[in-house]
Amino acid sequence: MTSPVHKPVNTSGWRWQLYVVIMTLSVGLFMAWLSNKLLIEEVIKRATTRIYAPLLSLNYSKAGQQSIAVVTIDDTDLKEYGLSWPVPLDYYQRLLDGIVKRAPKAVFLDVLFLDNKPKREVEALIGAACRATDAGIPFFLATYALESLSSDTERELFAARTKSGAPCVIPVRPTITPDSLDQSQWAYPLRPRNADEGHHSADLPDSVALSMYCRLYRYTCPVKTEVPLALIWASKAAPTNAQTMVVRDQQGGLAPVCRDVWNWWEVIPGASLFRQVTHMSMLPLCPYNQVIPVRAFKNYGFTPAQLDEELRGKVVLIGVDLKSIGDNLFSPLHGRLPGVHVHAMALDNLISFDGQYRENGDFEWHELWHSSANRFIFLSLLLTAAVMVPWNIYKKRVLADESGNAIPDKPIPLWPSKVTMFFLSPVMVFLGTPGLGKRGQTRSQWLLLPIIHVVIYVVLGLVVLLMGYYGFLQGPLSIIEYVLFPLMAHFLHIGETFANRSKQIWEAMHDDDPWAHWAKLNDDHKG
């Protein structure tokens, strides 16, 4: 019995190309979902993002930096004022009064009062908070907003009212969660909520950055805040930080604890080793937002006129930088920083982007068309397939046309080849470059097509990156997943392979002996 005649699929027509694109999209969406479940790909995402993310801040607006000041209390400050930690509340009263008289826009105190304080101290801080509110300067205070962790001090502070009935102290939640893989702060929850807070979450305070931004910039307050903010850590540190962030060295002099200059070539892998070999500074990068130590109020590093200028009209965030309490976070660009800086950087992002913050979104099946991250993923995959599928078809045609016109083998001089290989050996050890030794290849095969291929990858990667960052407002981790994986052939070649195999299955199903036909198709494909 003869097998039924089945017309084979035309792999050179537009219908086949469209099918390959559809398979590429389907496999790409599946890989997008799967990549969030695989540990190794998540690690690769973070390692790659550390390399390119600083470049996103090269044209970052300075609007936030010019609007924010971070006042810190460190160990040197405690010695200067003759205090020990925790400091009495009347010290915060004096500090708040000293800041308020310089007319800032708002003040946030990143200190939690989880135990009861003397009534005299509480009343002193309430008095300063109410005076600030009466002067039109809102005062924000960190709280976990959990009854089990609250104290009488917190209750009294949040219950205080001015003569007009306005609250003297505005509660905000400072809750942040470091990344589980590298402990860096990639994201910032704008509305931090615990799993057991769903039934009354509307009554809970929002994050520090969102609460302050919506109070001060209400016309650009973001409406949708369910997706966490993707932190853009800017690289151009405030110019005064390297001079004011210092410690005493063994000789009694002052030594900086950070550097204020970041160079673009630091994104190159191994840059830290180069800095060490060339004896360049190994100090971490200074924080982006301006740091003013509280000893500046005793004329340290700033004259009274300079301090007035640096605080006037700015949002002031007060935090601690003490070795004893370990309130630190890790920036992928700056290393260890006091915890108050994550709130300052998140607020800076909101100000610099006019409330249209970059999202730290992931692909979710249940929000296939409602999530901007999902729409970005779909369009990036579509763009990748639309460019790479025709390019691969064109490349195959060129190689097929030139297969009969290969350059004949020529004897290669012995010593020049060995000398060249010796100097290229470090590169060959890492990259392999197996194609360098092939004979009988045309110039297009060994030089022109590979160069064009790399250029297309780079240009397409930049287009997807810019589309995600500026068009769909996605953060670094979200973007790199759909630049790195599709353009490194995770999506494209797998989709094309699946298309070929599904075609082979379809043809085999129309044969009397499908398994034998399947084996023959595979043998022909390998041959």
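Owing to the predicted nature of the structure, the values given are computational and were not obtained by experimental measurement.

Things to note about the packing of aromatic side chains
On inspection of all chains with the given rule, the structure shows 9 aromatic pairs. Ring geometry for F353 against Y469: centres 6.4 Å apart, planes inclined by 80°, an arrangement best described as edge-to-face. With a gap of 116 residues between them, F353 in the loop between helix 11 (340-352) and helix 12 (372-402) and Y469 in helix 14 (residues 443-471) connect regions that are remote in the sequence. Judged by its relative accessible area of 2%, Y469 falls in the buried class. Three or more aromatic residues joined by ring pairs form one cluster here, namely Y60, Y288, F353, Y469 and Y470. Between R358 and the ring centre of F353, over which it is positioned, the NZ or CZ distance is 4.1 Å. The ring centre of Y469 lies 4.6 Å from the NZ or CZ of R358, which sits over that ring.

A short note on the pairing of strand 10 (residues 315-321)
Across the 7 residues of strand 10, 7 count as buried, placing the element largely inside the fold. In strand 10, alternate side chains face the same way, and those of V315, L317, G319 and D321 on one face and V316, I318 and V320 on the other are all buried. In this structure, strand 2 (residues 106-109) lies alongside strand 10, joined through 4 bridges in parallel fashion. Note on strand 10: the bridge partner recorded for L109 is I318.

With respect to the side chain of Q93
Of note, Q93 is situated in helix 4 (residues 89-100). Using a relative accessible area of 17% as the deciding quantity, one classes Q93 as buried. A polar contact of 2.9 Å, which involves the side chain of Q93, links it to the side chain of D97. Discounting chain neighbours no more than four positions away, the residues touching Q93 are A124, L125, A128 and R131.

With respect to the pairing of strand 11 (residues 328-331)
Burial along strand 11 is one-sided: the residues L329 and S331 are buried and none of N328 and F330 is. Sheet topology note: the strand 11/strand 12 (residues 335-338) ladder contains 4 bridges and is antiparallel. When the bridges of strand 12 are listed, F330 appears paired with R336. Adjacent in sequence and paired antiparallel, strand 11 and strand 12 are bridged by 3 residues.

Points about the state of the cysteines
Applying the stated criterion across every chain yields a total of 3 disulfides. Put simply, C214 and C221 are joined by a disulfide, and their sulfur atoms are 2.0 Å apart. On the sign convention where negative is left-handed, the bridge of C214 and C221, at about 65° about the S-S bond, is right-handed. Put simply, C258 and C286 are joined by a disulfide, and their sulfur atoms are 2.0 Å apart. Linking C258 and C286, the disulfide has an S-S dihedral of approximately 90° and is accordingly described as right-handed. With C258 in the loop between strand 8 (254-256) and helix 9 (271-277) and C286 in the loop between helix 9 and strand 9 (290-293), the pair connects residues that are 28 residues apart, well separated along the chain.

Notes on the nonpolar core
Core analysis: the largest hydrophobic core is formed by 56 residues, its most contacted members being F108, Y188, M212, L231, W233, L317 and L347. Looking at this core element by element, the count peaks at 8 residues for helix 11. Of all hydrophobic cores here, the second largest spans 41 residues; its members include A69, I99, L109 and A129.

Quick notes on the sheet that holds strand 4 (residues 170-172)
Strand order in this open sheet of 6 strands is 4-3-2-10-1-9, and the pairing throughout is parallel. Every other strand in the sheet has two partners, leaving strand 4 and strand 9 as the edge strands with one partner each. Put simply, the sheet's adjacent strands are angled 25° from each other on average, direction ignored. As defined by bridge partners, strand 1 (residues 68-74) adjoins strand 9 across 4 bridges and the pair is classed as parallel. Counterpart to A69 in the pairing with strand 9 is Q290. Strands strand 1, strand 9 and strand 10 of the sheet are contacted by helix 10 (residues 304-311), whose axis makes an angle of about 135° with strand 9.

Digging into a nonpolar patch on the surface
On the surface, L55, L58, W264 and I268 cluster together into a nonpolar patch covering about 410 Å² of accessible area. Locating I268 in the fold gives a position in the loop between strand 8 and helix 9. Given the relative accessible area of 47%, I268 is considered partly exposed.

Observations regarding the environment of E121
Tracing the sequence through the fold places E121 in helix 5 (residues 119-134). Note: C-alpha distance between E121 and P88 (33 residues apart in sequence) is 6.9 Å. The contact partners of E121, leaving out residues within four places of it in the chain, are P88, L89 and D90. Among the polar contacts made by the side chain of E121, one reaches the main-chain amide nitrogen of L89 at a distance of 3.1 Å.

Structural notes on the environment of D182
Summarising the element assignment, D182 is placed in the loop between strand 4 and strand 5 (187-188). On the basis of relative accessibility, which here comes to 22%, the residue D182 falls in the partly exposed class. Here the alpha-carbon distance between D182 and P332, two residues 150 residues apart in the chain, equals 9.0 Å. Beyond its immediate sequence surroundings of up to four residues, D182 is in contact with R46 and R50. A polar contact is formed between the side chain of D182 and the side chain of W186, at a distance of 3.0 Å.

Re the side chain of H343
As for its placement among the helices and strands, H343 is situated in helix 11. Apart from the residues lying within four places of it in its own chain, the contact partners of H343 are F108, D110, P174, I176, Y188, V208, A209 and L317.

Some details on the environment of A296
Tracing the chain through its elements places A296 in the loop between strand 9 and helix 10. In this structure the C-alpha to C-alpha distance between A296 and V71, which are 225 residues apart in sequence, comes to 9.3 Å. Dropping the residues within four chain positions of it, A296 is found in contact with F302 and L307.

Here we look at the packing of helix 7 (residues 208-216) against helix 11
In contact at an axis separation of 8 Å, helix 7 and helix 11 are set at 40° when each is read in the N-to-C sense. The orientation of helix 7 with respect to helix 11, classified from their angle, is oblique. Judged by the sense of rotation from one axis to the other, the crossing of helix 7 with helix 11 is right-handed. Contacts between helix 7 and helix 11 pair V208, A209, L210, M212 and Y213 from the former with H343, A346, L347, L350 and I351 from the latter. When the residues that make up the contact of helix 7 with helix 11 are grouped by side-chain class, the tally is 9 nonpolar, 1 polar and no charged.

Rules of the game
- Residues numbered from 1 in each chain as written.
- Predicted model: local features only at pLDDT ≥ 70, side-chain atom pairs only at ≥ 80, totals over all residues.
- Heavy atoms only, no water.
- Phe/Tyr/Trp six-rings, centres within 6.5 Å; stacked < 30°, edge-to-face > 60°.
- Helix = DSSP H or I, 4+ residues; strand = E, 2+ residues; numbered from the N terminus.
- Buried < 20%, exposed > 50% of the residue type's maximum accessible area, 1.4 Å probe, protein only.
- Lys NZ or Arg CZ within 6 Å of the ring centre and 35° of its normal.
- Pairing = 2+ DSSP bridges.
- Polar contact = N/O pair within 3.5 Å; in protein donor to acceptor, adjacent residues only side chain to side chain.
- Contact = heavy atoms within 4.5 Å.
- Disulfide = S-S within 2.5 Å.
- Core = buried A, V, L, I, M, F, W, Y, C linked by side-chain atoms within 4.5 Å.
- Axes fitted to C-alpha atoms, helices over the stretch in contact; angles between N-to-C directions.
- Patch = residues over 30% accessible without salt bridge, like charges linked within 9 Å, V, L, I, M, F, W, Y side chains within 5 Å.
- Areas by Shrake-Rupley, 256 points an atom, 1.4 Å probe, with all protein chains shown as cover.
- Salt bridge = Lys/Arg side-chain N within 4 Å of Asp/Glu carboxyl O.
- Parallel < 35°, antiparallel > 145°, perpendicular 65-115°, else oblique.
- Left-handed = near helix turned anticlockwise from the far one by under 90°.
- Nonpolar A, V, L, I, M, F, W, Y, C, P; charged D, E, K, R; others polar.

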